[in-house]
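Chain residues, written in single-letter form:
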Amino acid sequence: MLTKMVIRQEGMETNELYLSTRLQLRIKIRNIFRRNSNRPIRVIYPILSPYEVHDKYWAQRRRLFSRFDEGIMLDSEGWYSVTPEVIADHVAKTVGQMSQSMVKLSHPYEGIVVLDAFCGCGGNAIAFGKLPISQVSLVVCVDLDRNKLRMAAHNARLYNIPHDKLVFVEANTCFVMDQCYNNGELVFDNAPWDCYMSPREQCAGYTIGGLDLLPFHVDAVFLDPPWGGVDYGELGKDGYDLGRDMQIRYHQSKSTNFTNGDSGLVDGSGLLKMAASATRSKLVIYDTPRNTNKKSIGRAALNAGYKGNVKFEEHYLNGRLKTVTSYFGRDFSGLVA
Ligand code: MGP
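Not measured: the values here are computed from a predicted model.

Taken together, 19 residues sit near the ligand, with Lys56, Tyr57, Asp224, Tyr232 and Arg320 positioned nearest. Here an oxygen atom of the ligand sits 2.7 Å away from a polar atom, N or O, in the side chain of Tyr57. Gln60 has a polar side-chain atom sitting 3.0 Å from an oxygen atom of the ligand. When the free accessible area of the ligand is taken as 660 Å², the share hidden by the protein chains comes to 90%. Elements that contribute at least two residues to the shell around the ligand include exactly helix 2 (55-59), helix 4 (76-81) and strand 15 (320-328).

Have a look at this one:
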């Protein structure tokens, strides 16, 4: 960790840290004989029906969405995993600003195309959608669950996000990043497209459909994946290891470069690599638990081919650390004295 500063805004504080991937390489070599055993994490999902919500999240509802009372819709997973609005807005704004120097755009008046790889009920997609078109021109919202996409569309309308700024794609996001994009361009080579087509529908004025809605290119990937349930905190301070504790199902019969053997699972490090290879700029934004082990972020960065420094933000709400965000794609060494 090389430097640290604090940004404050409306009850939210963000610590900015810069992690050196070179430093992580040294740590990796030193730790090679002290590998953690592959102990499985205990996953306890809340026993709630899709329409019930834990008191703790209900109490935070207007922090999750300032327009909650206008009719925001969330399912049980959405309740515990959606990013609080002020954090989502901050991250989106940071991406909008960073992208201007990082992404070479074909049209000077247009912004970047962001792939929101785990859209869920839309908290982050809405935040990206609020940015001016000169920063973000399109958000491609991917999720396996069409009902979540419908809720996200409904929620986006409550925030008056233009209908042509969000497109909702029902698909396995690993498949999208691994098989549909390479170096930022849409590729058709290996994709059994017929198997992955989903019917098209209009919802709250937005289009929801399958892979045929994917745009020809993407500039940045935003990753806010499931962390394995609500008890990630039991792994302790710095105990959440991206390579060990995050497991995302890749609905794909053949194993690829990114899956762990034939398990059909991609770990958090493989996920970053997949996202990086999908974009040309390698601009990837990664939301992970507050107890994410920073060395595991460094290892994941190296594994995905990044060099130099990674920007790492800790987001506090009313003095409590909520989430952390890592920004990959630019070497931040110049900012570090
Ligand atoms: P939390 O730890 O469940 O709540 O999630 P809280 O109120 O901070 O916990 P407590 O210690 O006060 O009891 C904190 C934040 O992390 C949530 O608001 C979500 O933004 C995010 N989050 C939590 N989970 C379990 C997930 C997840 O699985 N995926 C993603 N992407 N975000 C999550």
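Another aspect to go through is the pattern of salt bridges. Inspection of every chain in the model, using the stated rule, returns 14 salt bridges. For Glu201, the salt bridge goes to Arg146, with nearest N and O atoms at 2.7 Å. Here Glu201, found in strand 8 (residues 201-203), pairs with Arg146, found in helix 7 (residues 146-158); they are 55 residues apart in sequence, far enough to count as distant. Note that Asp212 is salt-bridged to Arg200, the shortest N-O span being 3.3 Å. Here Asp212, found in the loop between strand 9 (206-209) and strand 10 (220-223), pairs with Arg200, found in the loop between strand 7 (185-186) and strand 8; they are twelve residues apart in sequence, far enough to count as distant. Asp212 sits in the partly exposed class, given a relative accessible area of 40%. Here the residues in one salt-bridge network are Asp75, Glu77, Asp145 and Lys148, joined through shared partners.

Turning to the environment of Ser269, a few remarks are in order. With respect to the helices, strands and loops of the structure, Ser269 is situated in helix 10 (residues 268-278). For Ser269, a relative accessible area of 10% gives the class buried. For the pair Ser269 and Ser296, spaced 27 residues apart in sequence, the C-alpha to C-alpha distance is 8.1 Å. Setting aside its immediate chain neighbours within four residues, Ser269 contacts Leu242, Gly243, Ala300 and Asn303.

On to the packing of aromatic side chains, then. This model, assessed by the stated rule, comprises eight aromatic pairs. Arranged with centres 5.3 Å apart and planes meeting at 70 degrees, the rings of Phe128 and Phe222 form a pair that is edge-to-face. Here the residue Phe128 occupies a position in helix 6 (residues 123-130), and Phe222 occupies one in strand 10, the gap between them amounting to 94 residues. Phe128 gets classed as buried once you look at its relative accessible area, which sits at 1%. Judged by its relative accessible area of 0%, Phe222 falls in the buried class. Through pairs of rings, three or more aromatic residues link up here, namely Trp58, Phe68 and Trp79.

So, about the packing of helix 10 against helix 11 (residues 294-303). Each pair of packed helices can be summarised by the angle the axes make with each other and by the distance between the axes. Contact geometry of helix 10 with helix 11 gives a least axis separation of 8 Å together with a crossing angle of 40 degrees. Classified by the angle between their axes, helix 10 and helix 11 sit oblique to one another. Two packed elements cross with a definite hand, and for helix 10 against helix 11 that hand is right-handed. Each of Ser269, Gly270, Leu272 and Lys273 in helix 10 lies in contact with helix 11, whose residues at this interface are Ala300, Ala301 and Asn303. In the contact of helix 10 with helix 11, the residues fall into three nonpolar, three polar and one charged.

As a further point, take empty space enclosed by the protein. With the rule as written, the count across this model stands at two cavities of 30 Å³ or more. Around the largest cavity, the lining residues are Leu64, Phe65, Thr83, Glu85, Ala88, Asp89, Gly123, Ile126, Ala127, Lys130 and Tyr159. Among the elements of the structure, helix 5 (85-102) and helix 6 are those that each provide at least two residues to the lining of the largest cavity. The biggest single contributor to the lining of the largest cavity is helix 6, with four residues. Among the residues forming the lining of the largest cavity, the class breakdown is six nonpolar, two polar and three charged.

In terms of burial, helix 10 is a largely internal element, nine of the eleven residues being buried. Of the residues making up helix 10, those classed as buried are Gly268, Ser269, Gly270, Leu271, Leu272, Met274, Ala275, Ala276 and Ala278.

The side-chain alternation of strand 10 yields two buried faces, one formed by Ala220 and Phe222 and the other by Val221 and Leu223. Bridge count between strand 3 (residues 112-116) and strand 10: three bridges; the pairing is parallel. Residue Leu115 lies in a different strand from strand 10, and its bridge partner there is Val221. As judged from the four bridges shared by strand 10 and strand 13 (residues 283-289), these two strands associate in the parallel manner. In the sheet register, Leu223 faces strand 13, and the bridge partner there is Tyr286.

What counts, and at which threshold
- Residues numbered from 1 in each chain as written.
- Predicted model: local features only at pLDDT ≥ 70, side-chain atom pairs only at ≥ 80, totals over all residues.
- Heavy atoms only, no water.
- Near = heavy atom within 4 Å.
- Polar contact = N/O pair within 3.5 Å; in protein donor to acceptor, adjacent residues only side chain to side chain.
- Areas by Shrake-Rupley, 256 points an atom, 1.4 Å probe, with all protein chains shown as cover.
- Helix = DSSP H or I, 4+ residues; strand = E, 2+ residues; numbered from the N terminus.
- Salt bridge = Lys/Arg side-chain N within 4 Å of Asp/Glu carboxyl O.
- Buried < 20%, exposed > 50% of the residue type's maximum accessible area, 1.4 Å probe, protein only.
- Contact = heavy atoms within 4.5 Å.
- Phe/Tyr/Trp six-rings, centres within 6.5 Å; stacked < 30°, edge-to-face > 60°.
- Axes fitted to C-alpha atoms, helices over the stretch in contact; angles between N-to-C directions.
- Parallel < 35°, antiparallel > 145°, perpendicular 65-115°, else oblique.
- Left-handed = near helix turned anticlockwise from the far one by under 90°.
- Nonpolar A, V, L, I, M, F, W, Y, C, P; charged D, E, K, R; others polar.
- 1 Å grid on protein atoms, 1.4 Å probe; cavity = no way out; pocket = protein on both sides within 12 Å on 5 of 7 lines; lining within 4 Å.
- Points joined across faces, edges and corners; volume = space filled by probe spheres on them.
- Pairing = 2+ DSSP bridges.

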